[in-house]
Amino acid sequence: MTAERLSRRAFLAGCLASLAAAQAGLRAGQRDRAPGRDRDERLERFRLRQAGAHLRARFRDLPGHVVFEYYPWYGVDPWRHWDDGGRTPPARIASNYLPALGAYDSRSARVIEQHARWIVESGARAINLSWWGQGSFEDRAVPLVMDVMRDHDIRVTFHLEPYAADRATRLAGDITYLLRQYGERRRWDTFLLLERADGSAAPVMKLFGSILPPTFTDCLGVRRAVPDHVPDAVWREQTTRLRREIGSEFEQFTLLADSLDVARTRAGGFDGGTSGDPYFHPDRWPEVASWFNAEDLLIVFAVNAGFDAPGPVAAPGDPCYAPPRADPLPDVDWSAEEWRALVQQASALRIADSFERTLSLQIDRRSTNERRGFFLVYVNSFNEWHEGTQFEPMKPYAQLAPAERATYHNGPGGQYRLETLGELMAEIR
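A few points on the structure. (Residues numbered from 1 in each chain as written. Predicted model: local features only at pLDDT ≥ 70, side-chain atom pairs only at ≥ 80, totals over all residues. Heavy atoms only, no water.)

Points about the pairing of strand β8 (residues 204-207)
Inclusion rule: Residue burial is assigned from relative accessible area. The probe radius is 1.4 Å, only protein chains are included, and a residue is buried under 20% of its type maximum, exposed over 50%, and partly exposed in between. In this text, helices come from DSSP runs of H or I with a minimum length of four residues, and strands from runs of E with a minimum of two, each type numbered from the N-terminal end. Here a strand pair is declared whenever DSSP counts at least two bridges between the two strands.
The alternating pattern of β8 places Val204 and Lys206 on one face and Met205 and Leu207 on the opposite face, and all of these are buried. Summarising the sheet, strand β5 (residues 155-160) and β8 pair through two bridges and their orientation is parallel. Bridge pairing in β8 places leucine 160 opposite leucine 207.

A short note on the side chain of arginine 350
For the record, the criterion: In protein, a polar contact requires one atom able to donate a hydrogen and another able to accept it; more generally it is a pair of N or O atoms within 3.5 Å, and residues adjacent in sequence count only if both atoms are side-chain atoms. Contacts are assigned to residue pairs with any non-hydrogen atoms lying within 4.5 Å of each other.
Relative to the helices and strands, arginine 350 resides in helix α10 (residues 337-363). We classify arginine 350 as buried; its relative accessible area is 8%. For arginine 350, the side chain forms a polar contact with the side chain of histidine 281, separated by 3.3 Å. There is a polar contact of 2.6 Å between the side chain of arginine 350 and the side chain of aspartate 327. When neighbours within four sequence positions are excluded, arginine 350 is seen to be in contact with Pro278, His281, Pro282, Asn304, Ala305, Gly306, Asp327 and Pro328.

Let's talk about the state of the cysteines
To keep things clear, this is the line we draw: To count as a disulfide, a pair of cysteine sulfur atoms needs to be within 2.5 Å.
What the rule picks out here adds up to one disulfide. The side chain of cysteine 219 participates in a disulfide bridge whose partner is cysteine 320; the two sulfur atoms lie 2.0 Å from each other. For the disulfide bridge between cysteine 219 and cysteine 320, the dihedral angle about the S-S bond is near -90°, and by the sign convention the bridge is left-handed. In this pair, cysteine 219 is assigned in the loop between β9 (215-217) and β10 (223-225) and cysteine 320 in the loop between β14 (303-304) and α10, connecting sequence segments 101 residues apart. Under the relative-accessibility criterion, cysteine 320 is labelled partly exposed at 26%.

Concerning the sheet that holds strand β4 (residues 126-131)
Across the sheet, which stays open at both edges, the nine strands sit in the order β13-β12-β11-β8-β5-β4-β1-β15-β14 with parallel pairing between neighbours. Strands with a single pairing partner mark the edges of an open sheet, and in this sheet they are β13 (298-301) and β14. As paired strands, strand β1 (residues 66-70) and β4 are joined by four bridges and run parallel to one another. Note on β4: the bridge partner recorded for valine 67 is alanine 126.

Points about helix α7 (residues 232-246)
Our working definition: For a helix, the expected span equals 1.5 Å multiplied by the residue count minus one.
End to end, α7 covers 21 Å across 15 residues, agreeing with the expected 21 Å (1.5 Å per residue, within 8%). Here the buried face of α7 lies against α6 (171-184), β8 and β11 (254-257).

What to know about unusual backbone geometry
The amide bond that connects proline 89 to the next residue, proline 90, takes the cis arrangement and shows omega of 5°. With respect to the secondary-structure elements, proline 90 resides in the loop between β3 (79-80) and α4 (109-122). The phi angle at aspartate 153 is positive, at roughly 60°, despite the residue not being glycine. For aspartate 153, the location among the structural elements is in the loop between α5 (137-151) and β5. In the Ramachandran plot, arginine 187 falls in the positive-phi region, its phi being about 60° despite a non-glycine side chain. Its location among the elements puts arginine 187 in the loop between α6 and β6 (194-195).

Concerning the packing of aromatic side chains
Test applied: Stacked, edge-to-face and tilted labels apply to pairs of Phe, Tyr and Trp rings (six-membered ring for Trp) whose centres lie within 6.5 Å, assigned for plane angles under 30 degrees, over 60, and everything in between, in that order. The rule for a charge over a ring is simple: NZ of Lys or CZ of Arg within 6 Å of the ring centre, and within 35 degrees of the ring normal.
Taken as a whole, this structure holds 21 aromatic pairs when the rule is applied. A centroid spacing of 5.3 Å and a plane angle of 80° characterise the contact between tryptophan 82 and tyrosine 104, whose relative ring orientation is edge-to-face. With a gap of 22 residues between them, tryptophan 82 in the loop between β3 and α4 and tyrosine 104 in the loop between β3 and α4 connect regions that are remote in the sequence. Taken as a pair, tryptophan 82 and tyrosine 104 share a single burial class, namely buried. Geometrically, the ring pair formed by tryptophan 188 and phenylalanine 191 is edge-to-face, given 5.5 Å between the ring centres and 75° between the ring planes. A connected cluster of aromatic rings, assembled from ring pairs, spans Trp131, Phe158, Tyr163, Tyr177, Tyr182, Trp188, Phe191 and Phe250. Positioned above the aromatic ring of tyrosine 397 is the side chain of arginine 405, whose terminal nitrogen or guanidinium carbon lies 4.4 Å from the ring centre.

Re the environment of isoleucine 112
For isoleucine 112, the location among the structural elements is in helix α4. Spatially, the C-alpha atoms of isoleucine 112 and aspartate 147 are 9.8 Å apart, while their sequence positions differ by 35 residues. Apart from the residues within four sequence positions on either side, isoleucine 112 is in contact with Tyr70, Ser106, Leu144, Val145, Val148 and Met149.

No statement about biological role is implied by the geometric values presented.
Dropping the structure here:
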């Protein structure tokens with residue numbers, strides 16, 4: 001055994017000693033972090049219960065304020081998304097994790113039914129569909145998804161993706177289309193109308209890839225244009241037009257930009273910002289929240305379990321390319337089952353930390369969200385398998401075939417992420 005492997009084993013042994021009985025602790029709702037942290041754990045649970053009591057006094061339906069990011073973009077005949085990056089499903093899918101359902105089709109009612117049951121079990125009651133333009137594959141999937149979610153009392157809203165170079169100039173029309181097609185025409189049977197503390201309710205949506213810089217400098221010092229950059233004035237023109245068109249019906253319609261740039265969020269006419277970036281850790285959130293609060297803008301941080309995306313099959317020709325870095329544990333020996341247990345524990349801790357932090361920041365008396373009676377929790381994500389952010393159950397490690405164990409990063413518990421969220425939701429409901 002090499003010196004490097006010995007040192008990794010020694011590190012692992014120390015971590016496992018500190019996190020003894022981690023998996024049993026998760027099952028019991030005790031997310032042990034290290035020896036001597038029992039008092040901290042009790043304090044965190046007390047804070048969650050306090051937050052829950054505060055929120056229940058202001059909002060009638062807390063589960064409807066917890067929204068999973070949901071991706072209706074998978075296909076099997078032909079393959080869609082499972083074959084990204086040169087993968088060859090079903091033998092190898094474009095993910096470091098193998099779903100409990102295998103490589104499925106987002107248009108399958110059976111699959112969506114199971115998704116809905118899992119979402120209900122987690123304690124959440126809303127999803128945020130990844131949407132890629134009118135008439136797209138994802139748009140055509142919406143009616144069936146909404147039908148199934150309606151039967152499980154799950155509300156549906158949308159986050160608008162950068163589906164075309166001119167998508168910014170279509171923003172007002174796209175949102176009006178979504179409101180009319182999937183709200184008005186369905187008599188609002190499933191559309192998420194987020195309730196505020198004063199009892200009013202209105203749709204809430206967000207954008208992805210919205211506020212980006214015009215240029216960046218690569219590792220070679222070359223300044224390059226950012227393809228999806230949109231000037232603030234274009235966003236402002238569209239948000240102004242949108243409010244003119246729907247303002248009489250939804251005065252409190254909320255549109256969030258995926259941005260931590262306060263000045264540009266305001267310049268674009270957005271109601272606030274949001275971040276689901278797993279690399280942006282919860283301990284850094286309070287400072288950014290203070291910036292948004294100072295400008296009377298909403299801010300929503302997403303609950304997340306970390307990030308673990310596979311690199312491309314063939315190394316790209318870009319000299320600045322760097323493989324994706326896993327988080328919260330970047331250097332893992334996936335051949336050792338003990339390491340998988342440690343990753344599972346670290347991921348569960350990230351869920352707990354991000355959940356507690358986004359709640360505490362929103363109910364803080366200095367928070368714009370609190371002042372405006374606005375509360376929203378995004379969960380990143382239900383099924384973005386490419387990035388390893390998914391809460392959808394994976395196949396437990398013990399059920400993987402030998403070849404699958406060599407390929408995928410599945411942990412000992414297939415449902416531990418949903419179970420962790422469910423335990424946290426139980427504390428506030």
